[in-house]
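Structural overview for review
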Amino acid sequence: PGEPRGMGRFSVWDYVVFAAMLLVSAAIGIYYAFAGGGQKTSKDFLMGGRSMSALPVALSLTASFMSAVTVLGTPAEIYRYGAIFCIFAITYALVVLCSAEIFLPVFYRLGITSTYEYLELRFNKYLRLCGTVLFIIQTASKPQITGFDLWGAVVATGVVCTFYCTLGGLKAVVWTDVFQVGIMVAGFSSVIIRAVVVQEGIGRIVNDSYHGGRLNFWDFNPNPLQRHTFWTIVIGGTFTWTGIYGVNQSQVQRYIACKSRFHAKMSLYINLVGLWAILVCATLCGLSLYSIYKDCDPWSAKQVSALDQLMPYLVLDIFKDFPGMPGLFVASAYSGTLSTVSSSINALAAVTVEDLIRPYFRSLSEKKLSWISMGMSLFYGGVCIAMAALASLLGALLQAALSIFGMVGGPLLGLFALGILCSFANGIGAFVGLVTGFVVSLWVGIGSQIYPPLPERTLPLPLSTAGCNISISSNLTTSTANPLTTIFSTQAPERPVLADRWYSLSYLYFSTLGTLITIVVGMIISLLTGGLKQNTDRKFLLTKEDFLSNFSRSKSDTKVVVLSWKTSTNAAEGTDNPAFSHIEMDVATDKNKVNGLHI
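For the structure given in this document, a descriptive report is provided here. (Residues numbered from 1 in each chain as written. Predicted model: local features only at pLDDT ≥ 70, side-chain atom pairs only at ≥ 80, totals over all residues. Heavy atoms only, no water.)

So, about the environment of T352. Tracing the chain through its elements places T352 in helix α14 (residues 325-357). Taking the C-alpha atoms as reference points, T352 and V133, separated by 219 residues in sequence, lie 9.3 Å from one another. Not counting chain neighbours up to four residues away, the residues in contact with T352 comprise I136, I357, M376 and Y380. (Helix = DSSP H or I, 4+ residues; strand = E, 2+ residues; numbered from the N terminus. Contact = heavy atoms within 4.5 Å.)

This part takes up the packing of aromatic side chains. Using the criterion set out here, one finds 21 aromatic pairs in the structure. Considering the side-chain rings of Y31 and Y32, the 4.9 Å spacing of their centres and the 80 degrees angle between planes classify their relative orientation as edge-to-face. On the accessibility criterion, Y31 (51% relative accessible area) is exposed. Residue classification places Y32 among the buried positions, given a relative accessible area of 17%. (Phe/Tyr/Trp six-rings, centres within 6.5 Å; stacked < 30°, edge-to-face > 60°. Buried < 20%, exposed > 50% of the residue type's maximum accessible area, 1.4 Å probe, protein only.)

Grouped together as the largest cluster of nonpolar side chains are 138 residues, with contacts concentrated most on F107 and Y118. With 17 residues, helix α8 (residues 151-198) is the single largest residue contributor to this core. (Core = buried A, V, L, I, M, F, W, Y, C linked by side-chain atoms within 4.5 Å.)

Okay, the state of the cysteines next. Scanning all chains against the criterion turns up one disulfide. Between the sulfur of C296 and that of C468 lies a disulfide, 1.9 Å long from S to S. Every disulfide takes its handedness from the sign of the S-S torsion; for C296 and C468 that torsion is 105 degrees, giving right-handed. With a gap of 172 residues between them, C296 in the loop between α12 (261-292) and α13 (310-318) and C468 in the loop between α18 (455-458) and α19 (476-479) connect regions that are remote in the sequence. Of the two residues, C296 and C468, both sit in the buried class. Here C165 stays free of any disulfide, with the sulfur of C161 as its closest cysteine sulfur at 4.7 Å. By relative accessible area, C165 is classed as buried at 0%. (Disulfide = S-S within 2.5 Å.)

Our next topic: helix α22 (residues 509-528). For α22, with 20 residues, the first-to-last C-alpha span of 28 Å sits near the 28 Å given by 1.5 Å per residue. Along α22, the residues classified as buried are Y509, F510, S511, T512, G514, T515, T518, I519, G522 and S526. Remark: G530 follows α22 within two positions and exhibits a positive phi of approximately 75 degrees. (Expected span 1.5 Å × (residues − 1).)

Moving on: the pattern of salt bridges. Evaluation of the coordinates by the stated rule reveals 13 salt bridges. As a salt-bridge pair, R358 and E354 come within 3.1 Å of each other at their nearest N and O atoms. Given a relative accessible area of 15%, R358 falls into the buried group. Using a relative accessible area of 6% as the deciding quantity, one classes E354 as buried. Residues K539 and D537 are paired through a salt bridge, measuring 3.3 Å at the closest nitrogen-oxygen approach. With a relative accessible area of 6%, K539 lands in the buried category. Here D537 falls in the partly exposed class, since its relative accessible area comes to 27%. When salt bridges with common partners are traced through the structure, they connect R109, R261 and D546 into a single cluster. (Salt bridge = Lys/Arg side-chain N within 4 Å of Asp/Glu carboxyl O.)

Here it is, written out as structure tokens:
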């Protein structure tokens, strides 16, 4: 890989492969728009009529987790910082356990469309509004499409995605995801297999990685300021990802759409296997990257402008004689994007319809609501394309996306945990906790974006350009330093004391901080404002029965019971807030009528 432009370019076949992927996705959307009599109600559109089974849902959860960030960002991350990223395998196991055993039972039992409905049932409608608004900000601002400067492709992706979300609803989202997981695995495996062939055996890749210090699995340094250590990944990562898996609408919406609670739990556990497989693939890709470019790092040699472009660079490099293969890889990165965007679009539509439209316009018929859901899908699709345009102007992808996630996800996770685990938490406490957690998270997060942590905190591993026969004698010295740090190290004396103590916190701890602050403040304020006096309905809390029912194979926990029982209890619950219980009764009776056919 010596000559600067000995790279392959995209051939006709690559475009054909890419177009085929988009076409199949669109076709699935059309099929689900008309299959089984179409999308009659908003419930069908947003929840797949609650009839999905575990396997497709599991694959779908895996797919949307695996965005372009994973396909492009993780291998580059491993190339730069080493394989300690693998510790996330432990994190994912903990996350899935928490989601399946703490959050899922409560959400599934209540049979809700939007997770934020729970906040109204448990606290009050203002908190529901806070949660909804935070979610919409978080999801719409998440940069989705990255690493490729193919404007046509970005727009095509956005359009196709909006198209099948608008036509097919949740079922289309889930089944396109299943197809896209296949493409992603194919893309990853092709790169790994080809790299092993180029390097003449996997032993050599492992050997190079070992000598390059890339196999740094165990680093038990307890310092919370260091970017990735065993503890930051296991503790910080668990909080960050539980915020995404346990309470984030785009994930919850899917596992709640399963037939029975057993299927819902299974979907999460199967999905764990998928997450592990993807982690292994990404790691192998990252190590192959290192092994192939150990003597000539394309990033320091200014061959690529960002670390995220290393994977596409590698693909064009090793597949230059294989027409169609680079197309497969780009298709796999884009399917990552498609699945993430589509789950966001569907989730945003669900939240908007259930939390912002249904409660305030009660006269709307189901048919109308179903049309409105489609309209919202269209609108959010547009927003996502616009965001992608913005994201291409901003860099440093993985970190920024996860930091913003952490900033919002942390306090929201705290809010739900408070509701589900503390019987005495009340609305006031929850609100004050949420605001405090949010403010602190934002403060750290924005501080760390302004004063990026110094290299001794992030510990990037050495890269070398010794083997390059390109004349870059001038900037060899600065090349390996992180561009951000180079900009800021010129103003070294001006780093405030806070910068190296507080702002250097590992980005994975932002979420943890937000969650813990929200829970602690929420508990204290609730106790001060008479939280012990209120009697919270058991069905909004996690009970021992929820855990024990795993072991009894009774099928009695289906939705029929939930829904019919909900109507009667709501009537009998007494009117602490007349408007609120009245709405609830309406919605619940409505649900029974609508779903009479499906159950």
